[in-house]
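Here is what each chain is made of, one letter per residue.
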Amino acid sequence: MTTFLITGANRGIGLALTAALIARGDRVIATVRDPFKVPGLLRTAPRDQMVLLGLDVRDGRAVSRAAATLDEPVDVLINNAGIFGPERQTALDMDFEGFAETLAVNTLAPLRVAQAFLPHLKQSRVPRILTISSQMGALSGSASGSAAYRASKAGVNKLMQCLATELKPAGIPVVVAHPGWVQTDMGGAGADITPDASAVGLLALADKLTLADTGQFFRWDGSVHPW
Ligand code: NAP
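Residues numbered from 1 in each chain as written. Predicted model: local features only at pLDDT ≥ 70, side-chain atom pairs only at ≥ 80, totals over all residues. Heavy atoms only, no water.

S.K.: Any chance you could explain the nonpolar core here in plain terms?
M.R.: Looking at soluble globular proteins, one finds that nonpolar side chains tend to be buried together. Counting 32 residues, the largest nonpolar core has F117 and I129 as its most contacted members. Looking at this core, the elements that each hand over two or more residues are β3 (50-54), α3 (60-69), α4 (96-116), α5 (118-122), α6 (147-167) and β8 (174-178). Once you skip the residues sitting within four places of it in the chain, I129 turns out to touch L77, N79, A114, L121, L163, L167, I172, P173, V174 and V175. Core analysis: the second largest hydrophobic core is formed by 30 residues, A177, V182, L203 and F218 among them. (Core = buried A, V, L, I, M, F, W, Y, C linked by side-chain atoms within 4.5 Å. Buried < 20%, exposed > 50% of the residue type's maximum accessible area, 1.4 Å probe, protein only. Helix = DSSP H or I, 4+ residues; strand = E, 2+ residues; numbered from the N terminus. Contact = heavy atoms within 4.5 Å.)

S.K.: Is there a simple way to explain the sheet that holds β8 in this structure?
M.R.: Backbone-to-backbone hydrogen bonds pair the strands of a sheet. The strands run either parallel or antiparallel. Strand order in this open sheet of 7 strands is β3-β2-β1-β4-β7-β8-β9, and the pairing throughout is parallel. Both outer strands of the open sheet, β3 and β9 (217-219), are each paired with one neighbouring strand and no more. Strand-to-strand twist across the sheet, computed as the mean angle between neighbouring axes with direction ignored, equals 20 degrees. The sheet strands contacting helix α1 (residues 12-23) are β1 (3-7), β2 (27-32), β3 and β4 (76-79), and the helix crosses β1 at an angle near 165 degrees. (Pairing = 2+ DSSP bridges. Axes fitted to C-alpha atoms, helices over the stretch in contact; angles between N-to-C directions.)

S.K.: Honestly, the side chain of N80 in this entry has me stumped. Any pointers?
M.R.: Inspection of the secondary structure assignment puts N80 in the loop between β4 and β5 (89-90). Overall, the relative accessible area of 11% leaves N80 in the buried class. Residue contacts for N80: discarding those within four places in its chain leaves I6, T7, G8, I13, G14 and I132.

S.K.: What am I meant to see in α4 here?
M.R.: Given 3.6 residues per turn, any residue in an α-helix points the same way as the ones three and four places further on. Over its 21 residues, α4 runs 28 Å from end to end, which matches the ideal 30 Å to within 8%, given 1.5 Å per residue. At L108, α4 shows its strongest bend, of approximately 45 degrees, with the proline P110 following within four residues. Every buried residue of α4 is listed here: G98, F99, T102, A104, V105, N106, T107, A109, P110, V113, A114 and A116. Its side-chain oxygen 3.2 Å from the backbone nitrogen of E97, D95 forms the N-cap of α4. (Expected span 1.5 Å × (residues − 1). Bend = angle between axes of the 7 residues up to and from the residue. Polar contact = N/O pair within 3.5 Å; in protein donor to acceptor, adjacent residues only side chain to side chain.)

Right under this line is the structure:
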């Protein structure tokens, strides 16, 4: 049984990842903002397969508290929680408060969560960190619009690349992945793929991660994404 810690496990891609892991017999430490308002699966999953942790990823104290209450190894951390950001977010018309919140959730929080749960990852025989990023953060493309979101994902890509370098001596692979354009609240009903299809691909990627992959940017289907 492999133990995955997934942020934002209550809906969208996080919920699909959780459902797939429960179905195949793995253990999920599911972090949600409100543990009293979660979908049935998170309440009815077998007890030995599910731990619910309440935390808002923007809240450093809540993240540290949650890490302090968890007394077990974590094999795979999946930083999934994310937001699209404010309505006004072009390079010429920016809601800067909304931009700051987008950075707090999408950029700073994955690093904060990784640092907080590093002791748990170090207890695993095969620790791995996968952060859900987006192709919209790739610096190799020049598309505009949604600038806060794009910058937040470009930022987390760089942070995770730094973390990969720093954790290489400890033998912990760190990667980022574009999950596809996915039919969730964020992606919308007209998106390309279902959350289940994205989850299957992301888990196949997480399952096979080794130090040879560290510091790379992948797509959900396992192919390498240009930075
Ligand atoms: P979603 O359906 O909107 O779900 C977002 C999840 O993040 C929810 O569980 C939400 O919890 C959680 N979250 C947001 N802010 C949080 C906070 N401050 N603290 C804790 N949890 C928080 O989005 P999704 O499509 O599943 O996206 C998941 C990840 O994939 C995100 O990182 C997103 O940027 C990335 N992504 C998605 C697509 C796509 O097409 N859908 C494409 C590229 C990348 P609440 O229910 O409490 O809000």
